[in-house]
Amino acid sequence: MDASPTTIVTTPHTTTTIVAIASDDTYAHVYSDVRHMIEDGFGDTDTRRGPLEFFNAAGSQLVPVFGPTWQLVDLQDSRDAPDADRLRQRLAAVLDHVAAYLRKHPEFVEASGLTLDEALLQLPRPAEQDLAHVLALFPHDLDDGKTVQPLSRGGWFHNSLHAAGWTH
């Protein structure tokens, strides 16, 4: 596979079951399951983060389930009808936020060997692309504990999501 800066590399067998989105649309991350999401720190108390909303890959909202110490232990289907368009809009808002951040801080992607224009061209386009493809372009955690970096050059997209939003 060509790994040039303008090539988008996806993992063919990536399955997204959870999309975590900051309520203010400044951050999003996708996970294959609740266990990976919790292991990534989403079950802990963390004052650096604001409120989150959770969705499945079809656009149905997921409701958090808390344990006795008010830590996230699971997610359940809200039983609302899936709204893929709403999920697309939320993801587009996150990506607009990331793009604005990168325009103010082009050195962030240039450190990865990309120009600002190359990086912006690689960002997912929820309004134009299949939702499954868009979600596959977001960083994913795998069973081996590694993160899939679907876009080339050292995980710049994953890192820019954190830099523009919040860190974990």
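Residues numbered from 1 in each chain as written. Predicted model: local features only at pLDDT ≥ 70, side-chain atom pairs only at ≥ 80, totals over all residues. Heavy atoms only, no water.

Examining the overall build of the protein chain
Where we set the bar: Going along the chain from the N terminus, every DSSP run of H or I of four or more residues is numbered as a helix, and every run of E of two or more is numbered as a strand. For every residue, the accessible area (1.4 Å probe, protein chains only) is compared with the maximum for its type, and the residue is labelled buried under 20%, exposed over 50%, or partly exposed between those bounds. In what follows, residue pairs with any heavy atoms lying within 4.5 Å of each other are defined as contacts. In this description, accessible areas are obtained by the Shrake-Rupley approach with a 1.4 Å probe, and a residue is regarded as covered only by the protein chains that are shown.
For the protein chain, the count of helices and strands is six helices and seven strands. Going from N to C terminus, the protein chain has its helices and strands arranged as β-β-α-β-β-β-α-α-α-α-β-β-α. Across the 168 residues of the protein chain, 45% fall into the buried class. Considering only contacts in the protein chain between residues 6 or more positions apart, those separated by 24 or more positions represent 62%. In the structure as shown, the protein chain presents an accessible area of about 8,500 Å², 52% of it carried by carbon and sulfur atoms.

Let's talk about helix α2 (residues 84-104)
Condition: Between the first and last residue of a helix there are one fewer steps than residues, each counted as 1.5 Å, and that sum is the expected span.
Given a rise of 1.5 Å per residue, 21 residues ought to cover 30 Å, and the 30 Å separating the end C-alpha atoms of α2 matches this to within 8%. Buried residues of α2: L87, R90, L91, V94, L95, V98, A99 and L102, and no others.

So, the packing of α2 against helix α6 (residues 156-164)
Any two packed helices are characterised by how steeply their axes cross, that is the angle between the axes, and by the distance between the axes. The line we're drawing: Lines fitted to C-alpha atoms define the axes, with helix axes restricted to the stretch in contact, and inter-axis angles between N-to-C directions lie between 0 and 180 degrees. By the definition adopted for this analysis, an angle is roughly parallel if under 35 degrees, roughly antiparallel if over 145, roughly perpendicular if from 65 to 115, and oblique otherwise.
Contact geometry of α2 with α6 gives a least axis separation of 9 Å together with a crossing angle of 90°. Here α6 runs roughly perpendicular to α2, going by the angle between their axes. In contact with V94, L95, H97, V98, Y101 and L102 of α2, α6 contributes W156, F157, S160, L161, A163 and A164.

Overview of the sheet that holds strand β3 (residues 52-55)
As a reminder, the rule being used: The criterion for strand pairing is that DSSP finds at least two bridges linking the strands in question.
The strand order across the open sheet built from five strands is β2-β1-β3-β4-β5, with neighbouring strands paired in antiparallel fashion. Single-partner strands in this sheet number two, and they are β2 (28-31) and β5 (72-77). Each adjacent strand pair in this sheet contributes to an overall mean axis angle of 35°, direction not counted. Summarising the sheet, strand β4 (residues 61-66) and β5 pair through five bridges and their orientation is antiparallel. Along β5, the bridge assignment pairs V65 with D74. The sheet contacts of α2 involve β1 (18-22), β2, β3 and β4, and relative to β1 the element is tilted by about 50°.

Some points on the environment of Y101
Following the sequence through the fold, Y101 ends up in helix α2. For the pair Y101 and S160, spaced 59 residues apart in sequence, the C-alpha to C-alpha distance is 8.2 Å. The residues contacting Y101, other than those within four sequence positions of it, are F108, A163 and A164.

As for α6
Burial analysis of α6 places seven of its nine residues in the buried class, the great majority of the element. Where α6 is buried, its residues meet β2, α2, α3 (107-110), α4 (116-122) and α5 (131-137).

Concerning the pattern of salt bridges
Applicable threshold: When a carboxyl oxygen of Asp or Glu lies within 4 Å of a side-chain nitrogen of Lys or Arg, that pair is called a salt bridge.
As enumerated under the stated definition, the model contains four salt bridges in all. Here R90 makes a salt bridge to D25, at a shortest N to O gap of 2.4 Å. Note that R90 is positioned in helix α2 and D25 in the loop between β1 and β2, a separation of 65 residues in sequence. Residue classification places D25 among the buried residues on the basis of a relative accessible area of 17%. In this structure, the salt-bridge partner of E53 is R90, at a minimum N-O distance of 3.1 Å. Taken as a pair, E53 in strand β3 and R90 in helix α2 lie far apart in primary sequence, 37 residues in all. Here E53 falls in the buried class, since its relative accessible area comes to 19%. You can call R90 buried: its relative accessible area is 10%. Put simply, D25, E53, R86 and R90 are held in one network by salt bridges that share partners.

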